Amino acid sequence: MAPIVIFAFNRPDALQRLADSLSKCVNYSESDKIIYIDGARNDTERERVNRVIDIARTITSDVHISPINRGLGASIIAGVTEVVNKYGTAIVLEDDLVPTPGFLLFMNEALERYAADSRIISICGYSLQVPRPEGYQGDVYLGERSSSWGWATWKDRWEVIDWTVADYESFRNDAAARRSFNRGGSDMAAMLDGYMQGRNRSWAIRFCYHQWRKGLFSVHPLRSLIGNEGFGADDTNCRQSYSRFRADFDTDSRQWLMPTDLQPNDTILAAARKYHSIPKRIYSKIRSILHI
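Everything numeric in this text was worked out from a predicted model, so none of it was measured.

Below, the discussion takes up the environment of Tyr114. Position of Tyr114 relative to the elements: it lies in the loop between helix H4 (103-113) and strand S6 (120-124). For Tyr114 and Leu262, which are 148 residues apart along the polypeptide, the C-alpha to C-alpha distance reads 9.4 Å. Ignoring anything within four residues of it in the chain, the contact list for Tyr114 reads Ile120, Ile123, Val140, Trp154, Arg157, Val219, Met258, Pro259, Thr260 and Leu262.

Below, the structure written as structure tokens:
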């Protein structure tokens, strides 16, 4: 089993919810668990971080506590690097996620099935609500944009990512390249600009940039195996009650049909792109503002 790597911060209730749902997963007891906890930013947060530490120690003895606040991006890059260097693979979860009982089974099967496929950079437990094309064979599809909501990767994919984005200056002024990158979502180039200009600390946009630059794919289930609960007022990275990304869970613990010769499907790719289109983002923003 691939190790389960959990990143937590100052949300004890969220971590407990994740722990409760994970414990119901097939393969949970056979999996190593590693937890990384970011340091408090101030004295007010310290009590909550200490409660997170107490919960983490009921899950595993392998708990890493940062003495400072590093931020999610730096924590994930350092933690995943450490884990894949030891294990070769990692299943990565943030503390605001709720997996279905089949989540770990799916992730481990897909990691094994596609380990030798160099086109694939990650396995994702989350899926957009894309329709199954008529005659489509299989329970998984290839995506252009990895999801950070419950994902996995291999050491040989992870270790070659350029987290400094050394070619950014040439990309920044290349209109054709920016349009191409934005095929995975109309916000992609702007998010990368935001990281490079210090407005965000996202590890995920750099991961997706590497995925696009190398022409790689992520594997997703047709029905999501994980949900994101990080939309409350206390959440660091998602501060809204509505999200266009909410999806129904696939709650069955079963075997999934995963073709070894999995190919991109134009219908699915087109449907996925709509989720990140400008009209869809505007609609989502309006819903968020109006709390509807």
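Moving on, there is more to tell.
A separate point is the side chain of Asn10. Position of Asn10 among the secondary structure elements: in the loop between strand S1 (4-8) and helix H1 (12-22). Among the polar contacts made by the side chain of Asn10, one reaches the side chain of Glu45 at a distance of 3.3 Å. Those residues in contact with Asn10 that lie beyond four places of it in its chain are Arg41, Glu45, Arg48, Val49 and Val52.

With that out of the way, let us pick up the confidence of the model for the chain. For the chain, mean pLDDT is 89; residues scoring 70 or higher make up 86% of the total. In the predicted structure, residues 230-240 sits below a pLDDT of 50 and forms 22 contacts with residues beyond four places in sequence or in another chain.

This part covers the pattern of salt bridges. Enumeration according to the criterion identifies 14 salt bridges in this entry. Among the salt bridges present, the one from Arg132 reaches Asp139, with a minimum N-O distance of 3.2 Å. Taking relative accessible area as the criterion, Arg132 reaches 44% and is therefore assigned partly exposed. Several salt bridges share partner residues, and in doing so they unite Arg11, Asp95 and Asp96 into one network.

A few words on the side chain of Glu109. Structurally, Glu109 is set in helix H4. The buried charged residue Glu109 lacks any salt bridge, with Arg113 as its nearest oppositely charged partner at 6.4 Å. At 3.3 Å, the side chain of Glu109 forms a polar contact with the side chain of Gln255. Non-local contacts of Glu109, meaning those with residues more than four positions away in its chain, are made with Gln255, Trp256 and Met258.

Judged by nonpolar contacts, the single largest core of 55 residues is most densely connected at Leu15, Leu22, Ile37, Leu93, Phe103, Tyr114 and Ile123. If you tally residues by element for this core, the top one is H4, at 7 residues. Ile123 has contacts with Phe106, Met107, Ala110, Leu111, Tyr114, Gly150, Trp151, Ala152, Trp154 and Val219, leaving out every residue within four places of it along the chain. Counting residues in each nonpolar core, the second largest holds 21 residues, with Ile77, Val80, Trp158 and Ile161 among its members.

Conventions and cut-offs
Residue numbers run consecutively from 1 along every chain, following the written order of its sequence. The predicted origin of the model limits local features to residues at a pLDDT of at least 70 and limits the giving and counting of side-chain atom pairs to 80 or more, whereas totals for whole chains, interfaces and linings rest on all residues. Note that water and hydrogens are dropped before the side-chain values are worked out from all heavy atoms of the structure. The helix and strand labels rest on DSSP assignments: H or I over at least four residues marks a helix, E over at least two residues marks a strand, and numbering proceeds from the N terminus. Contact definition: two residues touch when any of their heavy atoms are within 4.5 Å. We define a polar contact as two N or O atoms separated by no more than 3.5 Å, with the added condition that, inside protein, one atom must be a possible hydrogen donor and the other a possible acceptor, whereas residues neighbouring each other in sequence contribute only through side-chain atom pairs. For every residue, the pLDDT score states the predictor's confidence, bounded by 0 at the bottom and 100 at the top. A side-chain nitrogen of Lys or Arg and a carboxyl oxygen of Asp or Glu constitute a salt bridge if their distance falls within 4 Å. The cut-offs for exposure are 20% and 50% of the maximum accessible area for each residue type, with area from a 1.4 Å probe on protein chains only; residues under the lower value are buried, those over the upper are exposed, and the others partly exposed. Just so you know, the count uses Lys and Arg for positive and Asp and Glu for negative, and it drops His and the chain ends. Nonpolar cores were defined as sets of buried Ala, Val, Leu, Ile, Met, Phe, Trp, Tyr and Cys residues, with membership established by side-chain atoms within 4.5 Å.

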